[in-house]
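Notes for the structure review
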Amino acid sequence: MDERSLFLFSSDDLRRRFERALDLECDLDPMILRARQLRQQGSTPQARCLEQELLPLF
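Values in this document were obtained by computation on a predicted structure and should not be read as measured data.

**Topic: the overall build of the protein chain**
Of the regular secondary structure elements, the protein chain holds three helices and zero strands. Each helix and strand of the protein chain, ordered N terminal to C terminal, gives the series α-α-α. Across the 58 residues in the protein chain, those meeting the buried criterion constitute 10%. Accessible area for the protein chain stands at about 5400 Å²; split by element, carbon and sulfur atoms hold 57% of it.

This is the structure in structure tokens:
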């Protein structure tokens, strides 16, 4: 989407678009997406290793 076209939407339109994106389970972190993809491909051990990297250190 062109950055200038965002100004054509009202704040309610932008909020609805954002909520729709969340409903589609759009993850913002590429590591989460990669872990999900590995699980879908049946690479569970690799997915677990990647998920360990996402855990907090404390």
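**Here we look at a nonpolar patch on the surface**
Residues Met31, Ile32 and Leu54 make up a contiguous nonpolar surface patch of about 210 Å² in total accessible area. Along the chain, the position of Met31 falls in helix H2 (residues 30-40). Residue classification places Met31 among the partly exposed residues on the basis of a relative accessible area of 33%.

**Quick word on the confidence of the model for the protein chain**
For the protein chain, the average pLDDT comes to 79, and 78% of its residues sit at 70 or higher. The spread of mean pLDDT over the elements of the protein chain runs between helix H1 (residues 11-23), the lowest at 80, and helix H3 (residues 44-54), the highest at 89.

**Structural notes on the pattern of salt bridges**
Applying the stated criterion across every chain, the model contains four salt bridges. Close ionic contact of Asp12 with Arg15 constitutes a salt bridge, the shortest N to O distance being 3.7 Å. With Asp12 and Arg15 both in helix H1 and three residues apart, this pair spans about one turn of that helix. The partner of Glu51 in a salt bridge is Arg39, and the shortest N-O contact between them spans 2.9 Å. On the criterion of sequence distance, the pair formed by Glu51 in helix H3 and Arg39 in helix H2 is long-range, its members being twelve residues apart.

**Considerations on the environment of Leu50**
Along the chain, Leu50 falls in helix H3. Among the residues examined, Leu50 registers a relative accessible area of 16% and is labelled buried. For Leu50 and Arg36, which are 14 residues apart along the polypeptide, the C-alpha to C-alpha distance reads 9.8 Å. Among all residues touching Leu50, those that are not within four sequence positions of it are Met31, Arg34, Ala35 and Leu38.

Rules behind the numbers
Throughout, residues of each chain are indexed from 1 in the direction in which the sequence is written. Local features in this predicted model are restricted to residues of pLDDT 70 or higher, and side-chain atom pairs are both shown and tallied only at a pLDDT of 80 or more, whereas totals for entire chains, interfaces and linings draw on every residue. Excluding hydrogens and water, the side-chain figures rest on all heavy atoms present in the structure. Each helix is a run of H or I in the DSSP string that is no shorter than four residues. Each strand is a run of E no shorter than two, and both are numbered from the N terminus. Buried means the residue's accessible area, taken with a 1.4 Å probe over protein chains only, is under 20% of the maximum for its type, while exposed means over 50%, and partly exposed covers the values in between. In this description, accessible areas are obtained by the Shrake-Rupley approach with a 1.4 Å probe, and a residue is regarded as covered only by the protein chains that are shown. Only residues above 30% relative accessible area that lack a salt bridge enter a patch, with like-charged residues linked at up to 9 Å and the nonpolar side chains Val, Leu, Ile, Met, Phe, Trp and Tyr linked at up to 5 Å. Any Lys or Arg side-chain nitrogen found within 4 Å of a carboxyl oxygen on Asp or Glu counts as a salt bridge. Across the chain, each position has a pLDDT score giving the predictor's confidence in that residue, from 0 to 100. Two residues qualify as a contact provided that any one of their heavy atoms is within 4.5 Å of a heavy atom in the partner residue.

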